[in-house]
Amino acid sequence: NGNLFVDFIILGLVSIAVEFPVLMFYGWAGQQGNRLIARGRFATLVDRLAGGFLIGAGISLAVVRKP
């Protein structure tokens, strides 16, 4: 039976306080990952793995029959 407006403001502030550090970490991790992926040897490995997954997905789509 409290004030709905105050509850809404508190919920918004708590949500911002919790989400901001999480999103900052995601941004930092993405930046570090981008540096790692940009290196030639690791990029080649990622490209080969991604290609293998795509080939596997294509084969599984070709094999699966519709009921």
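Given the structure is predicted, the values throughout are model-derived calculations rather than measurements. (Residues numbered from 1 in each chain as written. Predicted model: local features only at pLDDT ≥ 70, side-chain atom pairs only at ≥ 80, totals over all residues. Heavy atoms only, no water.)

**Looking at the overall build of the protein chain**
Helix and strand content of the protein chain: two helices and zero strands. Here the C-alpha atoms of the protein chain give a radius of gyration of 23 Å, more than 25% beyond the 11 Å that 2.2 N^0.38 yields for 67 residues. In terms of its C-alpha atoms, the protein chain occupies a principal-axis envelope of roughly 60 × 45 × 10 Å. By residue count, 1% of the 67 residues in the protein chain fall in the buried class. Working note: accessible area of the protein chain is about 6400 Å², and carbon and sulfur atoms make up 71% of it. (Helix = DSSP H or I, 4+ residues; strand = E, 2+ residues; numbered from the N terminus. Rg over C-alpha atoms; globule rule 2.2 N^0.38 Å. Buried < 20%, exposed > 50% of the residue type's maximum accessible area, 1.4 Å probe, protein only. Areas by Shrake-Rupley, 256 points an atom, 1.4 Å probe, with all protein chains shown as cover.)

**A short note on a nonpolar patch on the surface**
Where nonpolar side chains cluster on the molecular surface, the patch consists of Phe5, Val6, Phe8, Ile9, Ile10, Leu13, Val14 and Val18 and spans about 800 Å² of accessible area. For valine 18, the position within the fold is in helix 1 (residues 4-38). Given the relative accessible area of 49%, valine 18 is considered partly exposed. (Patch = residues over 30% accessible without salt bridge, like charges linked within 9 Å, V, L, I, M, F, W, Y side chains within 5 Å. Salt bridge = Lys/Arg side-chain N within 4 Å of Asp/Glu carboxyl O.)

**Details of the packing of aromatic side chains**
Tallied over the entire structure, the rule returns two aromatic pairs. With 6.5 Å between their ring centres and 50 degrees between their planes, phenylalanine 25 and tyrosine 26 make a pair best called tilted. For tyrosine 26, a relative accessible area of 54% corresponds to the exposed category. Here phenylalanine 25 and tryptophan 28 contribute two aromatic rings whose centre-to-centre distance is 6.0 Å and whose plane-to-plane angle is 35 degrees, an arrangement assigned as tilted. Of the two residues, phenylalanine 25 and tryptophan 28 both sit in helix 1, three residues apart, roughly one turn of that helix. Among the aromatic side chains, those forming a connected cluster through ring pairs are Phe25, Tyr26 and Trp28. (Phe/Tyr/Trp six-rings, centres within 6.5 Å; stacked < 30°, edge-to-face > 60°.)

**Here's the deal with the environment of alanine 50**
Summarising the element assignment, alanine 50 is placed in helix 2 (residues 40-63). For alanine 50, a relative accessible area of 38% puts it in the partly exposed group. On a C-alpha basis, the gap between alanine 50 and glutamine 32 in space is 20 Å, while along the polypeptide they are 18 residues apart.

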